[in-house]
Amino acid sequence: METLIQDIRFGVRRLVKSPGFAFIAIVSLALGVGANAAIFSLVNTVMLRPLPIANPSQVVAVGVRAKNDSMSALSYPNYVDLRDRNDVLSGLIVERFAPISLSRDGNNERMWGYLVSGNYFDVLGVNAFKGRTFAPDEDRTKLTHPVAVIGYGCWQRRFGGDPDLVGKEILLNDHPFRVIGIAPPGFAGTEIIYTPEIWVPLMMDEWIEPGSKWMDDRDSGNLFAIGRMKPGVNPKQAQASLNLLMTDLGREYPDVNEGLSLKLFPPGLIIPDLQGAVVSFAWVLMGAVALVLLIACTNLASLLLARGTERRREVAIRLAIGASRYRLIRQLLTESTLLALAGGAAGILLAQWLVELVQAFKPPVDFPITFALAVDWRVVVFALSASLLTGILFGLLPAMQSTNPDLVSALKDTSSQAGYRKSRMRGALVVAQFALSLVFLIGAGLVVRSLQRVQSMNPGFEVSNRLMMSMDLYLQGYDEQRGLQFYRQVVERAESIPGVRSAAVTTYIPLSLNYSGRNVYAEGQAVERGGNAPSAMWGAAGPGYFQTLGVPLLAGREFTAQDNKQSTAVCVVNGTFVRQWFPQLGSPDEAIGRRVSFQGPSGPFMQIVGVAKDGKYFNIAEDPASFIYTPMFQKYDGGGNLVVRTESDPKAMIETIRREVQAVDPKLPLYDLKTMSEHMSLALFPARIAASVLGGFGLLALILAAIGIYGVTSYMVAQRTREIGIRIALGAEPVGVAKLVLSSGLKLVVIGLGIGLAGAFLLTRFMSSILFAVSPTDPLTFGGIVAILLGVALLACFIPAIRATRVDPVVALKSD
């Protein structure tokens, strides 16, 4: 320990005496370690950090899987059967996201909460901060217990932390609910990105979602389920047992449940598709920042090699007076480890800043999303471990080379007379650095190019000169008759505004987070049942919807005001729907007049009156999907959106249209008032995040590579100062001296780029799944990145080359 302390003290003194060397090394490592720690915080949040509940390792999410591997949620009747009849779960709960209108002081505030089963808090093992949680009998019969638990953040923000709130009544959707408890700080349910403000019993759904009838419908899968396994039961056993029960339910209710199975997965991201995408993205980012750290480590190794050359005489003297090579290696490793730990500490501070930057970012959605990233003890341990490993691994080879000098020449310090000594290891590090940088930058460039293609693509509807706004008539107590009248008045008032070309209402805005699917049966065709039945995405649209949103029709017509309750049930489908349900047809026109049903092979049926062109419905990178539209005035829905087509800039008309809508009902809360261009930012959000993050790390890799080649070239110029002085004294031209320096540096760069190109061609083929309309070997990206790296390398070598041309021969030769 005493020797270690001596080594640390000596190492600190040496670093203090070389502030420039220490600064460059620490900054390089801080950038690499900080980027890794920031991304590791995402991995930590998604996969490692337990939920703030009792015994989180026993808790699993339960999803419904159809025959085609698509995932969905549970229906309430299926939930009840699974809850009461299983023998592997000590408890099963369900939850449902729900917007809620909070009335205070004559104003309505839109908030988001959970409808949950009465055993929700008990199964999770969460106690109230104040008051209590739900009792079992408060969720057994409909509309009998209007009680609520308020989130801690909501209590502080909306109610000012009122200590007497528990026991008081609040108005939710114009109905009184008694607050029975405050959730503990830090508890936000079982989702890592969603922060509910309130919890109410599931049996109060008719007040929270007026007009909904899904509670009694076994075919309505809209409840996310979480189960707690009994002691001694593992997820594999639980899934097998639950699927035996699901098979029984398939026999009992074949029209709905046949072919369905259950899948258990970790909670936190309740939607399996979302969970898989986030986890995959997190690992892609971890791989990317690992490359950045590797590039930073090559910088550290290059700096240590250069420093070791400068200390040849010091090392030789120590060896000559009896110091062991092992002792010197340990001393040099102590110094490199000190550098690495200092860089790691700075990297942790950088990661904290990056995490705070991400947390301050708000995605373009109207419900509360929280990026629960944090630099906790796991992230700190990861960062310091990575730093320690870096200091040892990338300090070992330079230490071994530095402690194996030619004692005679080193003691005579003949390096200055002998001139510049080439180092294969230093050259290899530069080559590796540029090869890694090229691979990374090409990967980042492909993602950025993919984003450019996505932004310029046609999503199946027109984006320019369109705006939208959303409303929820259910929250204001509208019945169907009042709701339809409201929609008609809103459209009429919007279309009467100068500068508005058309307007329409719809339940579905493409590329939003709203998703609804229905089983569809074609008349006269053999069908499968339950989970084996074919399904399509679905939305309701009012008259003029296709014209207003600019969705082309391939055949037939769109909905009109005559498509109401008294007329024949009709629908409009898209081209993929026709190909899936009627593959025998030769053209979309032949689908007009065909009939389909949501209920079953015996109807009731809807007649196809139009075929719309395919578009993007749920996400921008999806494969062609089947979609079916029904008339808004035949299948009423109180959750509506107004879309408006304008003649000029739609942003300037938002306030005018808002006033016209509120003139119909001043108390109706409106939300998501934005242009369709702004709405597209939600669909492009994942691609933009990926492009921004990888682009930022790519820039970081470029900076580190530039630092590396600059450092090596500068060191070479410093070591060859005497040689350069002699050349100039003998008449060498400045251009020739500059070429000498440039060729030495660029030779290594070209070799690194050649190796990097081979690696990029190999590795980018694995990126095809995350690229859109861009080839993994896109020549424009490859050529552009190579040109950029060559330009940066040329600039990094140019500065030392200019310095070399200004060497004074007299000063250079004074050493003799």
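Residues numbered from 1 in each chain as written. Predicted model: local features only at pLDDT ≥ 70, side-chain atom pairs only at ≥ 80, totals over all residues. Heavy atoms only, no water.

Take the overall build of the protein next. When helices and strands are tallied, the protein shows 25 helices and 23 strands. When its C-alpha atoms are laid out on the principal axes, the protein stretches across 105 × 60 × 55 Å. Going through the 816 residues of the protein one by one, you find that 53% of them count as buried. A separation threshold of at least 6 residues defines the contact pool for the protein, and within that pool the share at least 24 residues apart is 81%. (Helix = DSSP H or I, 4+ residues; strand = E, 2+ residues; numbered from the N terminus. Buried < 20%, exposed > 50% of the residue type's maximum accessible area, 1.4 Å probe, protein only. Contact = heavy atoms within 4.5 Å.)

This next bit is on the packing of helix α2 (residues 19-48) against helix α12 (residues 377-402). Packing of α2 against α12 brings their axes to within 9 Å, and their N-to-C directions diverge by 140°. By the angle between their axes, α2 is oblique relative to α12. The chirality of how α2 crosses α12 is right-handed. Contacts from L29, V33, N36, A37, F40, S41, N44 and L48 of α2 reach α12 at R378, V379, F382, A383, S387 and T390. (Axes fitted to C-alpha atoms, helices over the stretch in contact; angles between N-to-C directions. Parallel < 35°, antiparallel > 145°, perpendicular 65-115°, else oblique. Left-handed = near helix turned anticlockwise from the far one by under 90°.)

Ranked by internal contacts, the top residues of the largest apolar core, which has 103 residues, are Y120, F187, W199 and F434. When residues of this core are assigned to their parent elements, the largest contribution, 14 residues, is made by helix α21 (residues 685-719). (Core = buried A, V, L, I, M, F, W, Y, C linked by side-chain atoms within 4.5 Å.)

This part takes up the pattern of salt bridges. Any two side chains of opposite charge can pair, so long as their charged atoms come close to each other. What the rule picks out here adds up to 23 salt bridges. For R83, the salt bridge goes to D84, with nearest N and O atoms at 2.8 Å. For R83, a relative accessible area of 32% puts it in the partly exposed group. According to the relative accessible area criterion, D84 is exposed, its value standing at 52%. As a salt-bridge pair, K565 and E480 come within 3.3 Å of each other at their nearest N and O atoms. Within this pair, whereas K565 is found in the loop between β17 (553-556) and β18 (570-574), its partner E480 is found in helix α16 (residues 480-495), the two being separated by 85 residues in sequence. Salt bridges sharing common partners tie together R104, E109, R157, R158 and E197. (Salt bridge = Lys/Arg side-chain N within 4 Å of Asp/Glu carboxyl O.)

Detailed reading of the predicted coordinates is not advisable wherever pLDDT is low. Of all residues in the protein, 93% have pLDDT values of 70 or greater, and the mean over the chain is 85. Confidence drops under pLDDT 50 across residues 415-420; counting only partners more than four residues distant or on other chains, this segment forms ten contacts. (pLDDT = per-residue confidence, 0-100.)

If you trace the backbone, R251 turns up in helix α7 (residues 235-252). For R251, a relative accessible area of 59% translates into the label exposed. A distance of 2.3 Å separates polar atoms of two side chains, one belonging to R251 and the other to D248. (Polar contact = N/O pair within 3.5 Å; in protein donor to acceptor, adjacent residues only side chain to side chain.)

With the rule as written, the count across this model stands at three cavities of 30 Å³ or more. Taken as a whole, the second largest cavity holds about 60 Å³ of empty space. Forming the walls of the second largest cavity are 13 residues, and the residues nearest its centre are G460, P510, V551, Y617 and Y629. Across the lining of the second largest cavity, the residue classes tally to eight nonpolar, two polar and three charged. (1 Å grid on protein atoms, 1.4 Å probe; cavity = no way out; pocket = protein on both sides within 12 Å on 5 of 7 lines; lining within 4 Å. Points joined across faces, edges and corners; volume = space filled by probe spheres on them. Nonpolar A, V, L, I, M, F, W, Y, C, P; charged D, E, K, R; others polar.)

Turning our eyes to something else, we now look at the pairing of strand β9 (residues 198-201). Of the two faces of β9, both are covered, the one formed by I198 and V200 as well as the one formed by W199 and P201. Where strand β4 (residues 107-116) meets β9, three bridges bridge the pair, whose relative direction is parallel. Across the sheet, V116 pairs through a bridge with P201, a residue of β9. By the bridge criterion, two bridges tie strand β6 (residues 147-150) to β9 in an arrangement that is antiparallel. The residue bridging I150 from the neighbouring strand is I198, located in β9. (Pairing = 2+ DSSP bridges.)

Mapped onto the fold, T133 is located in the loop between β5 (130-131) and β6. On the basis of relative accessibility, which here comes to 14%, the residue T133 falls in the buried class.

Here the amide bond leading from G603 into P604 is cis, since omega sits at 5°, within 30 degrees of zero. Topologically, P604 is positioned in the loop between β19 (595-597) and β20 (606-612). Even without being a glycine, N55 presents a positive backbone phi close to 45°. Mapped onto the secondary structure, N55 falls in the loop between α2 and β1 (59-65). A positive phi angle, close to 55°, is found at D672, a residue other than glycine.

Let us look at the environment of A238. Topologically, A238 is positioned in helix α7. In this structure, the C-alpha to C-alpha distance between A238 and G556, residues 318 residues apart in sequence, is 51 Å.

For the rest of this paragraph, the subject is the packing of aromatic side chains. Tallied over the full model, the rule gives 29 aromatic pairs. One aromatic cluster is present, built from ring pairs that chain together F97, Y114, Y120, F121, F134, F187, Y194, W199 and F224. Over the face of the ring belonging to Y253 we find R218, whose NZ or CZ atom lies 3.6 Å from the ring centre. Cation over ring: R518 sits above F598, and NZ or CZ is 4.3 Å from the ring centre. (Phe/Tyr/Trp six-rings, centres within 6.5 Å; stacked < 30°, edge-to-face > 60°. Lys NZ or Arg CZ within 6 Å of the ring centre and 35° of its normal.)

This next bit is on the packing of helix α15 (residues 424-456) against helix α24 (residues 779-805). Relative orientation of the contacting elements α15 and α24 amounts to 135°, with a least axis distance of 9 Å. If you check the angle between α15 and α24, you find them oblique. Relative to α24, the crossing made by α15 is right-handed. Contacts between α15 and α24 involve F434, S437, L438, L441, I442, G445, L446 and R449 from the first element and L780, T781, F782, I785, V786, L789 and A793 from the second. Split into classes, the residues belonging to the contact of α15 with α24 amount to eleven nonpolar, three polar and one charged.

Next up on the list: helix α5 (residues 152-159). If you check which residues of α5 are buried, you get C154, W155, R158 and F159. The buried residues of α5 all sit within an arc of 105° when viewed along its axis, so they share a single face. Residues of α5 that are buried make contact with β3 (89-104), β4, β5, β6, β7 (169-172) and β8 (175-182). Positive phi shows up at G160, right after α5, with a value of about 60°. (Arc of directions from axis to C-beta.)

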